[in-house]
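Summary of the model geometry
Take a look at the letters that make up each chain.
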Amino acid sequence: MEKLISSRRNLKSVPESYILPPEIRPGNTVFPLCNIIPVIDLGGDHLACDGAKITDELVKASQEFGFFQLINHGVSENLMQDVLKVANEFFQLPADDKDRFYSEDPRQSCRLYTSIDYVQEKVHYWRDNLRHPCHPLQEHVQFWPEKPTQYREVIGKYSIEVRRISLFLLDLICKGLGLESGYFENELSQVQSMTINHYPPCPDPSLTLGLPKHSDVGLLTILLQGDIPGLQVLKDGQWLAVEPLPNAFVVNIGHVLQIISNGRLKSAEHRVVTNPKVARTTVGSFILPSPDSYIESAKALTNNCYPQLYRTFVYKDFLHAYIADTSNGIPPLERYKLQH
Ligand SMILES: O=C(O)CCC(=O)C(=O)O
Ligand SMILES: [Fe+2]
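Basis of the calculations
Residues numbered from 1 in each chain as written. Chains lettered and ligands numbered in written order. Predicted model: local features only at pLDDT ≥ 70, side-chain atom pairs only at ≥ 80, totals over all residues. Heavy atoms only, no water. UniProt positions renumbered as here; feature names shortened; annotations may be inferred. Near = heavy atom within 4 Å. Polar contact = N/O pair within 3.5 Å; in protein donor to acceptor, adjacent residues only side chain to side chain. Areas by Shrake-Rupley, 256 points an atom, 1.4 Å probe, with all protein chains shown as cover. Helix = DSSP H or I, 4+ residues; strand = E, 2+ residues; numbered from the N terminus. Nonpolar A, V, L, I, M, F, W, Y, C, P; charged D, E, K, R; others polar. Salt bridge = Lys/Arg side-chain N within 4 Å of Asp/Glu carboxyl O. Pairing = 2+ DSSP bridges. Buried < 20%, exposed > 50% of the residue type's maximum accessible area, 1.4 Å probe, protein only. pLDDT = per-residue confidence, 0-100. 1 Å grid on protein atoms, 1.4 Å probe; cavity = no way out; pocket = protein on both sides within 12 Å on 5 of 7 lines; lining within 4 Å. Points joined across faces, edges and corners; volume = space filled by probe spheres on them. Donors = N, O, S within 2.8 Å, 3.2 Å for Na, K, Ca; no water.

As recorded by an unreviewed UniProt entry, the protein carries the name Fe2OG dioxygenase domain-containing protein and is attributed to Dovyalis caffra. Under the Sequence similarities (unreviewed entry) heading, UniProt states for the protein: "Belongs to the iron/ascorbate-dependent oxidoreductase family."

Turning to the site of ligand 1, a few remarks are in order. Around ligand 1, the neighbouring residues are Asn 197, Tyr 199, Leu 211, His 214, Asp 216, Leu 223, Leu 231, His 270, Val 272, Arg 280, Thr 282 and Phe 286. The side chain of Asp 216 places a nitrogen or oxygen atom 3.1 Å from an oxygen atom of ligand 1. Thr 282 has a polar side-chain atom sitting 2.7 Å from an oxygen atom of ligand 1. Compared with its free state, where it exposes 300 Å², ligand 1 has 95% of that area covered by protein. For the shell around ligand 1, the element with the most residues is strand S13 (residues 280-288), which contributes three residues. Each residue belonging to the shell around ligand 1 can be placed in one class, and the counts come to six nonpolar, four polar and two charged.

This part takes up the pattern of salt bridges. Pairs can form between side chains of opposite charge whenever their charged atoms are close. In this structure the tally under the stated criterion is twelve salt bridges. Of the charged contacts in the structure, one is a salt bridge between Asp 97 and Lys 147, with a shortest N-O distance of 3.1 Å. Here Lys 147 lies in the loop between helix H4 (137-140) and helix H5 (151-177) and Asp 97 lies in helix H3 (residues 95-99), a separation of 50 residues in the sequence.

What the five strands build is an open sheet, ordered S1-S10-S9-S12-S7; its pairing is mixed. Unpaired on one side and paired on the other, strand S1 (33-34) and strand S7 (211-214) mark the two borders of the sheet.

Another aspect to go through is the pairing of strand S10 (residues 238-242). Among the five residues in S10, four count as buried, and that is most of the element. Pairing of S1 with S10 involves two bridges; the strand directions are parallel. Pairing of Leu 33 across the sheet is with Ala 241, part of S10. Summarising the sheet, strand S9 (residues 231-235) and S10 pair through four bridges and their orientation is antiparallel. Its bridge partner lying in S10, Val 233 is registered against Leu 240. Hairpin geometry of S9 and S10 is characterised by an intervening segment of two residues between the two adjacent antiparallel strands and by a positive phi of about 50 degrees at Asp 236.

Right, let's get into the confidence of the model for the protein. Taken as a whole, the protein shows an average pLDDT of 93; of its residues, 97% reach a score of 70 or greater. This prediction of the complex comes with two scores: 0.96 for pTM and 0.99 for ipTM.

So, about empty space enclosed by the protein. If you walk through the whole model with that rule in mind, you get one cavity of 30 Å³ or more. Roughly 50 Å³ of internal volume is contained in the largest cavity. Looking at the lining of the largest cavity, its residues break down into five nonpolar, one polar and two charged.

Turning our eyes to something else, we now look at the layout of surface pockets. One way to see where empty space is left: roll a probe the size of a water molecule over the atoms. Its boundaries defined by the atoms lining it, the largest pocket holds a volume of some 1500 Å³. Around the largest pocket sit 50 residues that line it, and Pro 106, Arg 131, Val 217, Leu 319 and Ile 323 are the ones nearest its centre. A per-element tally of the lining of the largest pocket places helix H7 (residues 315-327) first, with eight residues. Space inside the second largest pocket adds up to approximately 750 Å³. If you go around the second largest pocket, you meet 38 residues; those closest to its centre are Lys 213, His 214, Glu 269, Gly 329 and Pro 331. Of all elements in the fold, only S7, S9, helix H6 (255-260) and H7 reach the threshold of two or more residues within the lining of the second largest pocket. At four residues, the largest contribution of residues to the lining of the second largest pocket is made by H7.

Right, let's talk about the coordination of the iron ion (ligand 2) for a bit. Surrounding the iron ion (ligand 2) are the protein donor atoms His 214 (NE2), Asp 216 (OD) and His 270 (NE2), at 2.1 to 2.2 Å. All donors to the iron ion (ligand 2) come from one chain, and their sequence spacing reads H-x1-D-x53-H. On the criterion of sequence distance, the pair formed by Asp 216 in the loop between S7 and strand S8 (220-224) and His 270 in strand S12 (residues 270-272) is long-range, its members being 54 residues apart. Of the two residues, Asp 216 and His 270, both sit in the buried class.

Quick look at the structure:
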């Protein structure tokens, strides 16, 4: 518990074990906020929206960036604010209330931990994290924190709404790629995990990162980043700061969708820089395959012109290597690449 970076109050300098090697230090972290990341407008009621136009925009953004912002998605402003509020409040609780969730074991279902792999990694990242599965809700909600008192109700309601949006986007992507209808509506999208990231203020952001360069592991991530910048996306070798837009979600494509689409869609690499003055809390929802799913490029997307790029694997094997690879800066798809 005392390992949480948020428990180490009043740090005047960055502890040695958080100072990154010079080649991955962010250096100057004051990047201009970038407005070239695509913004997709669902027009308020996504079930009634113009599917064809949005599908085109979605596929284009997922091919070029693997990253986009989503506005007018139908989740109320109040709910979004409540989500950020309970997420923040959790990290403000006294240590005793958080203690029982703290674990170094990634198999623990509702888990509070710090950095990525605190015990194994060479250098630590400046973030604490609470994560837990959230679908189906009734199987998981009783294991979530009871404090703050609104946590279960707010995060429960929110998880259902963001899952619905995620599946809607996956359905459009399915159409846009020309895959058979319902391609993702099975064990590939069975798991949903909620992740609450907390990045306390850091005495010297030029030496640290909240999260290193990585792509997300699953199919699709919907992130609520609030109004404090910190997220950056790598585009053509340049880090772009993702501008916080009011009531927007940041959506990104994960490794699994890159593989299924046989490389048509990109899982954009991103990282998180820290901030000298204020704490930043973000809430992500990951749509993930169930552990025993086979992950492979869709047959409809492999042919003589587009040979299969990755060998088939079982998702849980990939997950295991992903954590170590990510904390050590190794691209996790390398080991699955087929040579042509
Ligand atoms: O907190 C953020 O801005 C991004 C978090 C993230 O990339 C992740 O949880 O995978
Ligand atoms: Fe991420």
